[in-house]
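Coordinate inspection notes
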Amino acid sequence: MERAFWVQSPGEGEIRAVPIRDPGPGEVLVRTLFSGVSRGTETLVFRGGVPASQHDVMRAPFQEGDFPGPVKYGYLNVGVVQNGELQGKTVFCLYPHQTAYVVPASAVTLVPDDVPPGRAILAGTVETAVNAVWDARPRLGDRIAVIGAGMVGCSVAKLLSGFPATRVQLIDVDPEQQEVADALGVEFTTPEDALGDCDLVVHASATEAGLTKALELLAPEGEVVELSWYGDRRVSVPLGENFHSRRLTIRSSQVGTVARPDRDYAQRLAVALDLLADPAFEALVNGECAFDELPSVLPRLAANELSARCLRVMYQPQ
């Protein structure tokens, strides 16, 4: 028997014993080394905040159970293949928090040799950022702001800062996020000191105030790319005053659809894993816990008692 983390009911998690079968043809048995807790989405799931209209959309690839619970949820898993041609290889999989599991070989992606397994848990987050940048379509010389210094916002800012002649600012209400911005090599500022006349603003703070600020920072004809997931919360958007006269645009970006028709899901994930060779991304992981501690740690994370941007879950070797 293996073990898996389940959200038993909103705000309550538990470790369950789970059986796994032997792998069949075309399948792999993976023993987990690390998994990651995506703070925004997974704490929303933990709190029971997925609206009924989004239950199907929000399903993770290997989710078991249904929202709001009991549900086994998660999608940042790195482990070692135990059988077949890939035996001994480190792989990433969109699988929940579980000590070992069997999936089709097509569901795992090889982790490049120059990417440490503990950093590879960020692949799903960086994949979201890659998709957002494809949606945003930045141009040479753009003036860009990214609002929200969480996992996704930081990843987007890091990727956008590599475009030539662009001005990129990472904006957050917490001045202590200066530290992660410095580690990523991105300019940081708080909302009151942010530069305006932006051609593009990527919003990832999941707050009304952040979205309002995003619109305020735009130059005429500018665009906000909305990455925030609000779950079952209603959000007010200031579409009065000069929103129309300045011809502003708000568009959504969501990782469930590949933003480029010439790329597929596997290619997008491979891009993300290649990007993680950059050690600067290690700054996004600022919390760790053992797998057995998840039932006690998740409530604290959901209640903002822990400030971990990405929580790395460590598994005992078997």
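Attention in this report is confined to the structure presented alongside it. (Residues numbered from 1 in each chain as written. Predicted model: local features only at pLDDT ≥ 70, side-chain atom pairs only at ≥ 80, totals over all residues. Heavy atoms only, no water.)

Regarding the overall build of the chain
Helices and strands together make up the secondary structure of the chain, namely eight helices and 17 strands. For a compact globule of 318 residues, the expected C-alpha radius of gyration is about 20 Å, and the chain comes in at 20 Å, within 12% of that figure. Along the longest, intermediate and shortest principal axes, the C-alpha atoms of the chain span 60 × 40 × 35 Å. A total of 318 residues make up the chain; the buried ones form 50% of that total. (Helix = DSSP H or I, 4+ residues; strand = E, 2+ residues; numbered from the N terminus. Rg over C-alpha atoms; globule rule 2.2 N^0.38 Å. Buried < 20%, exposed > 50% of the residue type's maximum accessible area, 1.4 Å probe, protein only.)

A few points about the pairing of strand S14 (residues 218-226)
Most of S14 is tucked away: seven of the nine residues are buried. With five bridges connecting them, strand S13 (residues 198-203) and S14 associate as parallel partners. Bridge pairing links valine 201 to valine 224 in S14. Crossover connection from S13 via helix H6 (residues 208-217) to parallel S14: handedness right-handed. Alignment of S14 against strand S15 (residues 249-252), held across four bridges, turns out to be parallel. Across the sheet, valine 224 pairs through a bridge with isoleucine 250, a residue of S15. (Pairing = 2+ DSSP bridges. Right-handed = clockwise from strand over helix to strand, strands pointing away.)

Let's talk about the side chain of glutamine 169
Summarising the element assignment, glutamine 169 is placed in strand S11 (residues 167-171). Classification of glutamine 169 as buried rests on a relative accessible area of 3%. A polar atom in the side chain of glutamine 169 sits 2.9 Å from the backbone nitrogen of leucine 195. (Polar contact = N/O pair within 3.5 Å; in protein donor to acceptor, adjacent residues only side chain to side chain.)

Considerations on helix H4 (residues 151-160)
Within H4, nine of the 10 residues are buried, leaving the element largely enclosed by the surrounding structure. For H4, every residue scored as buried is listed here: Met151, Gly153, Cys154, Ser155, Val156, Ala157, Lys158, Leu159 and Leu160.

Notes on the layout of surface pockets
A volume near 160 Å³ is recorded for the second largest pocket. Ala136, Arg137, Arg139, Asp142, Asp199, Leu200, Glu221, Gly222, Glu223 and Thr249 together form the lining of the second largest pocket. Contributions of two or more residues to the lining of the second largest pocket are made by S13 and S14. In terms of residues, the lining of the second largest pocket owes the most to one element, S14, which gives three residues. The residue inventory of the lining of the second largest pocket, partitioned by class, reads two nonpolar, two polar and six charged. (1 Å grid on protein atoms, 1.4 Å probe; cavity = no way out; pocket = protein on both sides within 12 Å on 5 of 7 lines; lining within 4 Å. Points joined across faces, edges and corners; volume = space filled by probe spheres on them. Nonpolar A, V, L, I, M, F, W, Y, C, P; charged D, E, K, R; others polar.)

Focus on the packing of helix H3 (residues 123-136) against H4
Following both chains from N to C, one finds H3 and H4 inclined at 55 degrees, their axes separated by 8 Å at the closest point. Judged on the interaxial angle alone, H4 and H3 are oblique. In this structure, the crossing between H3 and H4 has a hand that is right-handed. Here H3 contributes Thr125, Val126, Thr128, Ala129, Val130, Ala132 and Val133 to the contact with H4, which in turn contributes Met151, Val152, Ser155, Val156, Leu159 and Leu160. Tallied by class, residues from the contact of H3 with H4 come to 10 nonpolar, three polar and no charged. (Axes fitted to C-alpha atoms, helices over the stretch in contact; angles between N-to-C directions. Parallel < 35°, antiparallel > 145°, perpendicular 65-115°, else oblique. Left-handed = near helix turned anticlockwise from the far one by under 90°. Contact = heavy atoms within 4.5 Å.)

Remarks on the state of the cysteines
Inspection of the entire model under this criterion finds zero disulfides. Between cysteine 198, a cysteine without a disulfide, and cysteine 154, which holds the nearest cysteine sulfur, the sulfur-to-sulfur distance is 17 Å. The thiol sulfur of cysteine 289 is not disulfide-bonded, and the nearest other cysteine sulfur, from cysteine 310, lies at 11 Å. Since its relative accessible area comes to 3%, cysteine 289 is described here as buried. (Disulfide = S-S within 2.5 Å.)

Describing the nonpolar core
In a soluble, globular protein the nonpolar side chains are often hidden away together inside. Leu122, Val156, Leu170 and Leu294 are the most contacted members of the largest nonpolar core, which has 70 residues in total. Sort the elements by how many residues they give to this core and H3 lands first, with eight residues. Beyond its immediate stretch of four places on either side in the chain, leucine 122 contacts Met151, Leu276, Phe281, Leu284, Val285 and Cys310. Formed by 15 residues, the second largest nonpolar core is a distinct cluster that contains Ala194, Leu217, Val224 and Tyr230. (Core = buried A, V, L, I, M, F, W, Y, C linked by side-chain atoms within 4.5 Å.)

Quick notes on the environment of glutamine 169
Placed 32 residues apart in sequence, glutamine 169 and arginine 137 show a C-alpha to C-alpha distance of 17 Å. Discounting residues that sit within four places of it in the chain, glutamine 169 has contacts with Ile144, Ala145, Val146, Glu187, Thr189, Ala194 and Leu195.

Digging into unusual backbone geometry
Proline 68 follows phenylalanine 67 through a cis peptide bond whose omega is 5 degrees. Checked against the element boundaries, proline 68 lands in the loop between strand S4 (64-65) and strand S5 (71-72). Looking along the chain, the bond that leaves glycine 69 and enters proline 70 is cis, with omega of 0 degrees. Tracing the sequence through the fold places proline 70 in the loop between S4 and S5. Backbone geometry at alanine 206 places phi at a positive 60 degrees, although glycine is not the residue there.

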